[in-house]
Every structure is written in C-alpha cells, then in structure tokens.
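Architecture at a glance
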Amino acid sequence: MFRIGYRTVKTAVGASIAIMIAQAFQLDFFASAGIITVLCIEKTRRKSISISWARFLAALIGIAFAVLIFETIGYTPLSVGIVLLVFIPTTLLLKVKEGIVTSFVLMMHIYTVSDFSFELFLNELALISIGIGIALIANLYMPSKEKGLEKLQSEIEDCYGKIFHEFAAYIRVGDNIWDGKEITEATTILQKGKNHALQNLENHVLRYEDVYYHYFKMREKQLDIIERMMPLLTSMDYQVIQGDMLADFMDDLADGVHPKNTAHIYIEKIEELRESFKNMPLPTTRDEFEARSALAHLVRELEQYLIIKEQFKPIKEYKVFR
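What follows is about the overall build of the protein. Per the secondary structure count, the protein includes 12 helices and 0 strands. Moving toward the C terminus, one meets the helices and strands of the protein in the order α-α-α-α-α-α-α-α-α-α-α-α. Over its C-alpha atoms the protein spans a radius of gyration of 31 Å, topping by over 25% the 20 Å that the globule rule assigns to 322 residues. Expressed along its principal axes, the backbone C-alpha trace of the protein runs to roughly 100 × 40 × 35 Å. Within the protein, the fraction of its 322 residues that count as buried is 44%. Expressed as a percentage of contacts within the protein between residues at least 6 apart in sequence, the contacts between residues at least 24 apart total 80%. Taken as a whole, the protein presents about 17,200 Å² of accessible surface, with 62% of it coming from carbon and sulfur. The averaged location of the 40 negative side-chain charges in the protein is 5 Å from the averaged location of its 35 positive side-chain charges.

The subject of this paragraph is the environment of F29. Considering the arrangement of structural elements, one finds F29 in the loop between α1 (6-24) and α2 (31-40). The class of F29 is partly exposed, set by a relative accessible area of 29%. A C-alpha to C-alpha distance of 7.5 Å links F29 and H109, two positions 80 residues apart in sequence.

For the rest of this paragraph, the subject is the packing of aromatic side chains. Aromatic ring pairs are described here by two measures, namely the spacing of the ring centres and the angle between the planes. Under the counting rule described, the total for this entry stands at 9 aromatic pairs. Ring geometry for Y215 and F312: centres 6.1 Å apart, planes at 65 degrees, overall edge-to-face. Placement of the pair is Y215 in helix α9 (residues 211-234) and F312 in the segment after α12 (286-310), with a sequence separation of 97 residues.

Two numbers describe how helix α4 (residues 77-93) lies on helix α5 (residues 100-113): the axes approach to 12 Å, and their chain directions differ by 150 degrees. On the basis of their axis angle, the class for α4 and α5 is roughly antiparallel. Regarding α4 and α5, the two cross each other, and that crossing is right-handed. Here α4 contributes P77, V80, V83, L84, F87, I88 and T91 to the contact with α5, which in turn contributes I100, S103, F104, M107, M108 and Y111. Residues that form the contact of α4 with α5 fall into these classes: 11 nonpolar, 2 polar and no charged.

A few words now on the confidence of the model for the protein. Per-residue confidence for the protein gives a mean pLDDT of 84, with 90% of residues at or over 70. Mean pLDDT values over the elements of the protein span from 85, in helix α11 (residues 263-278), up to 94, in α4.

On to the environment of V38. Its place among the elements puts V38 in helix α2. Spatially, the C-alpha atoms of V38 and Y212 are 31 Å apart, while their sequence positions differ by 174 residues. Excluding its chain neighbours within four sequence positions, the residues that come into contact with V38 are T11 and A15.

Thresholds, definitions, all that
Residues numbered from 1 in each chain as written. Predicted model: local features only at pLDDT ≥ 70, side-chain atom pairs only at ≥ 80, totals over all residues. Heavy atoms only, no water. Helix = DSSP H or I, 4+ residues; strand = E, 2+ residues; numbered from the N terminus. Rg over C-alpha atoms; globule rule 2.2 N^0.38 Å. Buried < 20%, exposed > 50% of the residue type's maximum accessible area, 1.4 Å probe, protein only. Contact = heavy atoms within 4.5 Å. Areas by Shrake-Rupley, 256 points an atom, 1.4 Å probe, with all protein chains shown as cover. Lys, Arg positive; Asp, Glu negative; His and termini not counted. Charge placed at Lys NZ, Arg CZ, Asp CG, Glu CD. Phe/Tyr/Trp six-rings, centres within 6.5 Å; stacked < 30°, edge-to-face > 60°. Axes fitted to C-alpha atoms, helices over the stretch in contact; angles between N-to-C directions. Parallel < 35°, antiparallel > 145°, perpendicular 65-115°, else oblique. Left-handed = near helix turned anticlockwise from the far one by under 90°. Nonpolar A, V, L, I, M, F, W, Y, C, P; charged D, E, K, R; others polar. pLDDT = per-residue confidence, 0-100.

Following this line, the structure appears as structure tokens:
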C-alpha cells in the first residue's frame, strides 16, 4: 500500500517553507534554498546537526575556491573542473565531504552570474542559512522509537521464555519436536533492537546513556550462553531425578523473564539447587555420572546467564531535546 512517511512530509514542507522565505527576501536563485533543505533533512537530530555544520563550512570553502579560481582563470568549464579538483580533496581532508553537493550548487550560481560581488556573497550566504536552518527546525521533530523498542524487549523476552520451557521439556522427556526457531528469531530481534536503540540515541542531542542499547547487548550475551547450553542438553541420554529438578527451575526461570532485574532471586534458587545436588548420593553408573556432569555444567551456564542480568544496571539519562 502506498504510504508517505514522516521524513517525506518534513522534506516537502521544509523545502516549500525554505523557498517561500528565500523568495520573500527576493534572493537570487531562491529555489536553491529548497534544494539545500532537502539535502539537509536527516534521519536523526544528532546527524542533522553535525552534517549541517559540515555543509555550512564546505559552502564557505567552496565559495572561496570558486571566487579565487573563476576570477583568476575565468568563468569557463575548465575553471569549474579545476575548482572541483581542489575543492573535493579539501572537503575530504577537513571531513566535511557531506557539503560537496550543496557547495557545488552555490558555486554554480557564481559561475552563472560570472561576476562576483559582495551582494552575491550575501545572497549565497542567505540561501545556505535558510536551507540549513529550515532543515534543522524540521529535524527537531523525530517520532519516538521507545514504544517500538519496548515491543522488541517484549518479543525477545517471549523468545527466551519459550526457549527455557523447551529446554525443560527436553530434560524431562528427551528429544521433542522443537525446531529451535526461537533461537533464530532472538538473533534477528536483538540485531533489530540494537539498530533501533542506536538510532534512538542519535535523536537525543545530549544524552550519555541509553537503557535500550545496553539492554539488547546484555540479552545478546545471554543468547551466547543459551547457544552453549544446547549441546549439553543433546548430550544427555540418561534421565536422572536431578534433571527433573533443573527442569522445574528452568520453567520457573522462563516465567520470570522480564526487563526488571530480579536475577538475584534466581541466583539464590540456583545455589539452593546446587547444594541439593551435592547432598544427593553419588552416581552409581557411568551413564548417571555423565548425565549429572552435564547437568552440573548446565547449572554453571545458567548461573553465568543470571549474573549477566544481575550486572545489568539500566541508566536512562535524557538531557535536552528528548
């Protein structure tokens, strides 16, 4: 279905306003203010500010090179090529290459007039200021991604809950029909979550920490442990009572996956479980020994899984331009 996004709307409205203002001031080449606005609309506030500064600086450098070379060599196509040969490497050196296109637009104004004057300089300065200024104002509005991030949090927690329920079922009855799709889904959700969290961070001009990005990184570390647990599960061919106890713990853990940090509760429970294992009679057969050894390894991995969550300290500091 045909859909118009918020960025498209901002671009259209911003370009129209920029042209209207430039035209109201009776600037030459007033339509270029709209072009500059279109080029300066970015996905995030922080990127918009940094790129706007780069475009403004590049514009001043471009005008200086254009005036110097055009007035020295002449207003010819050859001069345009020479200007670009000097200007483009300079923008790369100064790390303002984002301003190449907007600067070229202004340089072509000077080339078209073929007679540089202070009035023309003020005209070009006004065009770049209006174009960048309107783009910055337009970029003050950025739709919040936090509802989407909370949804991704819920999705990853659902995946982890299902995974631990499946792990518990495997311990109790052995091989089942689980296809492991939640592992793949979790990987996809985590990558999407990190990308969205970084973009959300870029929309806050002064912000030191972001709870969402650290949250998804924490869950990513936990997924590594979950993946390490899978071979341990598949190596268990012998049913022992300790397995049922661990399966009960996993079911309990699966029901308790959520954003809040309650890992210390489950760490205490797993310590109690480990003590219970120690107080039980030693294995009498090789199969029982191997099964209980795998279970002990699983307990250690689960403990690491919980420690990662326990160490997660969500900090959410919004300073300005939330």
